[in-house]
Amino acid sequence: MTQRSRAASAATRHRPWPLGRQGCGVALDMGSARTRAWVAGRGLVIDVPTVTFPGAGAVYPIQRGTIIDTEGTARMLERLLGHRLPRFARPLVVVTAPVLDGVAYRNEARTAVEVLRPRGVLTIPSARAVALAAGADLSRPLLVVDIGAHLTEVVLLSEGAVVDARRTALGTTDLDTASPMQICDAVATMVTAMLRQDRTSLTIDALRRGALLAGGGALRPEITYHLTGRLHAPLRAVAAPHTAAVRGAATLLRSVRDHPADTDSASSEPQSS
């Protein structure tokens with residue numbers, strides 16, 4: 001099952017990064033399988049299964065890129081990060097979000113992140129975070145293929161903005177029942193649909209440039225091999241592709257810190273998507 005949307009990222013302005021304890025920052029990538037967190041000054045501090053334990057059993061609060069248990073997600077964040085942040089700190093939090101269903105995900109993520117008492121919450125599309133982690137030239141069209149554990153997204157970026165996005169509910173954890181070729185075929189189908197509906201040259205230009213591959217799927221040689229053949233285009237895997245999204249979110253966090261700009265309200269919760 002694939003879905004499609006078109007969206008554009010708006011330019012945002014952020015408040016100055018405050019000094020002292022108020023300068024704490026957290027980058028979060030909450031996936032269906034794993035949750036990763038980067039803390040300013042400490043680097044990647046968490047890379048663990050996305051799970052919470054409200055009682056005797058385990059509960060998985062995020063499934064196929066959707067937060068289905070907001071309270072459980074909040075409990076998980078409190079357990080993982082509550083003791084890792086300075087006491088009385090109010091961190092600025094950057095959260096990656098899937099492009100499709102992004103509004104619903106962002107709303108639920110903001111609610112869950114309130115457990116960290118943030119001074120502000122920014123969101124960034126996972127594909128753009130991947131591009132930032134790769135140091136990609138965002139002035140040119142870029143195709144990002146993110147093959148996660150339970151979800152695969154194909155996203156076309158232009159000037160850093162999302163102009164087309166599609167996904168399939170297949171990922172590396174499905175390889176017990178689905179073959180690597182099936183995932184590659186799904187990606188190729190999404191790219192073909194992009195080409196057919198693109199009235200510009202953006203998609204073809206991005207393919208000629210070469211697709212950027214991220215997620216745990218980029219660590220699977222059989223997937224990269226078959227996908228290169230199916231796309232008939234160059235394919236470049238991001239370094240440490242499984243942590244690319246959280247590292248890209250951390251890049252945005254550092255950018256806000258190093259190049260702040262005034263904004264009207266601390267509670268506006270600006271977002272980059």
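Quick notes on the rules
- Numbering of residues starts from 1 in each chain and follows the order in which that chain's sequence is written.
- Given that this is a predicted model, residues contribute local features only at a pLDDT of at least 70 and side-chain atom pairs are listed and counted only at 80 or more, while totals for whole chains, interfaces and linings are drawn from all residues.
- Working from all heavy atoms in the structure, the side-chain values ignore hydrogens and water.
- Only protein atoms enter the 1 Å grid used here. Points where a 1.4 Å probe fits but cannot escape make up a cavity, open sets with protein on both sides within 12 Å along at least five of seven lines make up a pocket, and a residue lines them when an atom lies within 4 Å of a point.
- Grid points are joined across faces, edges and corners, and a volume is the space filled by probe spheres set on the points.
- What counts as a helix is a DSSP run of H or I of at least four residues, what counts as a strand is a run of E of at least two, and both are numbered from the N terminus.
- Put simply, Ala, Val, Leu, Ile, Met, Phe, Trp, Tyr, Cys and Pro go in the nonpolar bin, Asp, Glu, Lys and Arg in the charged bin, and everything else, Gly too, in the polar bin.
- Here a strand pair is declared whenever DSSP counts at least two bridges between the two strands.
- Only the contacting stretch of a helix is used when fitting its axis, a line to C-alpha atoms as for every element, and angles between N-to-C directions run 0 to 180 degrees.
- Here a residue-residue contact requires only that any non-hydrogen atoms of the pair lie within 4.5 Å.

Trainee: Just checking my understanding: could you explain the layout of surface pockets for this structure?
Mentor: In this approach a probe as big as a water molecule rolls over the atoms, and the regions it shows empty are the leftover space. Volume-wise, the largest pocket comes out at about 580 Å³. Forming the boundary of the largest pocket are 30 residues, of which Asp 29, Gly 31, Asp 146, Gly 148 and Ala 149 lie nearest the centre. When contributions to the lining of the largest pocket are tallied by element, the ones reaching two or more residues are β2 (25-30), β3 (34-39), β7 (92-97) and α7 (244-258). Taken together, the residues of the lining of the largest pocket break down into twelve nonpolar, twelve polar and six charged.

Trainee: How do you make sense of the pairing of strand β4 (residues 43-49) when you look at a structure like this?
Mentor: Looking along a regular strand, one sees the side chains alternate between the two faces of the sheet. Here β3 runs beside β4; their pairing, made up of six bridges, is antiparallel. Across the sheet, the residue bridging to Val 39 is Gly 43, located in β4. Taken together, β3 and the strand that follows it, β4, pair antiparallel across an intervening segment of three residues, in which Gly 41 is found at a positive phi of about 85°.

Trainee: Honestly, the sheet that holds β7 in this entry has me stumped. Any pointers?
Mentor: Paired through backbone hydrogen bonds, the strands of a sheet run either parallel or antiparallel to each other. As summarised here, the arrangement of the five strands in space is β4-β3-β2-β7-β8, forming an open sheet in which the pairing is mixed. Each edge of the sheet is formed by a strand with only one pairing partner; in this case those strands are β4 and β8 (120-125). The sheet shows a mean angle of 20° between the axes of neighbouring strands, direction not considered. Relative to β3, β2 runs antiparallel, the two sharing five bridges. Across the sheet, residue Val 26 finds its bridge partner in β3, namely Val 39. Each of β2, β3 and β4 touches helix α1 (residues 70-81); the most contacted strand, β2, lies at about 130° to it. Of the strands in this sheet, β7 and β8 are in contact with helix α3 (residues 126-134), which crosses β8 at around 85°.

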